[in-house]
Amino acid sequence: VKFSLWNGSGDDAIERLYRGLADISLIASPYDTEHLEGFAVGREPWVAIMSVNHPLAEKEGEFISLKDLAAEPLLVPSRQSRVDAIRNWFAEVNAEPNIICALSNYLDAVALAEQNAGIAIFPQTTYTKNELIAKKIITGSARQIEYDIVWMKNQRLTPLIEEFINFIRDRSEERRVGKECR
């Protein structure tokens, strides 16, 4: 089996599917269910990533509230559904987020946060241990991101791709059932 692995924003990944440049993609929800088929494979919290010198980094604990972030300059993912979700989070606490930059690459957001240019709001897996930055989990039940495996609807998949999708579906189901049993 040979495969190519490509990394980019969710919008870029979806565009690659539409153009026939990829068979399947791992993206963050939501997605276009009219043209794409898929299923959830995992979820994780959103985090605030900031310079270790930022006053909020020095606050005790691993969590941070939206109220703490409301006045801060924010660096967020460029995907419009992400920007809309973040705006909705802040609306819940009667605040307007101070979004100063939207980025498609989390590495750029982390580099800017490291330089105290703002606080990056990205999924937890984007955090890579770095002694110059700190991360805090954003509190609130809706502050989770869900990931989906997707492919073009009504497209004939090769047997190998179908087998891979079934393998991922089975593994995702095993993890979900395992968590429910704990």
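Residues numbered from 1 in each chain as written. Predicted model: local features only at pLDDT ≥ 70, side-chain atom pairs only at ≥ 80, totals over all residues. Heavy atoms only, no water.

Asks: Give me the environment of glutamate 114: which residues, what numbers.
Replies: Within the secondary structure layout, glutamate 114 lies in helix α4 (residues 106–114). Remark: the alpha-carbon pair of glutamate 114 and leucine 132, spanning 18 residues in sequence, is separated by 6.0 Å. Other than its neighbours up to four places away in sequence, glutamate 114 contacts Ser51, Asn130, Leu132 and Ile133. (Helix = DSSP H or I, 4+ residues; strand = E, 2+ residues; numbered from the N terminus. Contact = heavy atoms within 4.5 Å.)

Asks: Outline the layout of surface pockets, supporting the account with residue identities and numerical values.
Replies: When its volume is computed, the largest pocket comes out at roughly 1600 Å³. Lining the largest pocket are 44 residues; nearest its centre among them are Leu5, Trp6, Asn7, Ser25 and Leu26. Breaking the lining of the largest pocket down by element, the ones donating at least two residues are α1 (10–18), β1 (25–28), α4, β6 (119–123), β8 (144–152) and α5 (159–181). A class-by-class count of the residues in the lining of the largest pocket yields 25 nonpolar, 11 polar and eight charged. (1 Å grid on protein atoms, 1.4 Å probe; cavity = no way out; pocket = protein on both sides within 12 Å on 5 of 7 lines; lining within 4 Å. Points joined across faces, edges and corners; volume = space filled by probe spheres on them. Nonpolar A, V, L, I, M, F, W, Y, C, P; charged D, E, K, R; others polar.)

Asks: Lay out the pattern of salt bridges in plain terms, naming residues and giving numbers.
Replies: Tallied over the entire structure, the rule returns five salt bridges. Between arginine 79 and aspartate 11 there is a salt bridge; the shortest N-O distance is 3.4 Å. Pair noted here: arginine 79 is in the loop between β4 (73–77) and α3 (80–92) and aspartate 11 is in helix α1, with a separation of 68 residues, a long-range link. Relative accessible area serves as the criterion here: at 40%, aspartate 11 is assigned to the partly exposed category. Arginine 143 is the salt-bridge partner of glutamate 92, the closest N and O atoms lying 2.9 Å from each other. With glutamate 92 in helix α3 and arginine 143 in the loop between β7 (133–138) and β8, this pair connects stretches of sequence that are 51 residues apart. Owing to a relative accessible area of 5%, arginine 143 belongs among the buried residues under this scheme. (Salt bridge = Lys/Arg side-chain N within 4 Å of Asp/Glu carboxyl O. Buried < 20%, exposed > 50% of the residue type's maximum accessible area, 1.4 Å probe, protein only.)

Asks: Pulling in residues and values, what's your account of the environment of isoleucine 99?
Replies: Looking at the secondary structure, you find isoleucine 99 in strand β5 (residues 98–103). Taking the relative accessible area as the measure of exposure, isoleucine 99 reaches 22% and is therefore partly exposed. For the pair isoleucine 99 and leucine 74, spaced 25 residues apart in the sequence, the C-alpha separation amounts to 4.6 Å. Among residues more than four places away in sequence, those in contact with isoleucine 99 are Leu74, Val76, Val83 and Arg87.

Asks: I'd like a rundown of α4, residues and numbers included.
Replies: Along an α-helix, residues three or four positions apart point the same way, because every turn accommodates 3.6 residues. Of all the positions in α4, only Ala109, Val110 and Ala113 are classed as buried. Seen from one end, α4 has its buried residues packed into an arc of 100°, which puts them on one side. Close packing links the buried residues of α4 with β2 (36–51), β4, β5, β6 and β7. Of the residues flanking the start of α4, the one acting as N-cap is asparagine 105, its side-chain oxygen 2.7 Å from the backbone nitrogen of leucine 107. Note on α4: the residue one or two positions beyond its end, asparagine 116, has a positive phi of about 65°. (Arc of directions from axis to C-beta. Polar contact = N/O pair within 3.5 Å; in protein donor to acceptor, adjacent residues only side chain to side chain.)

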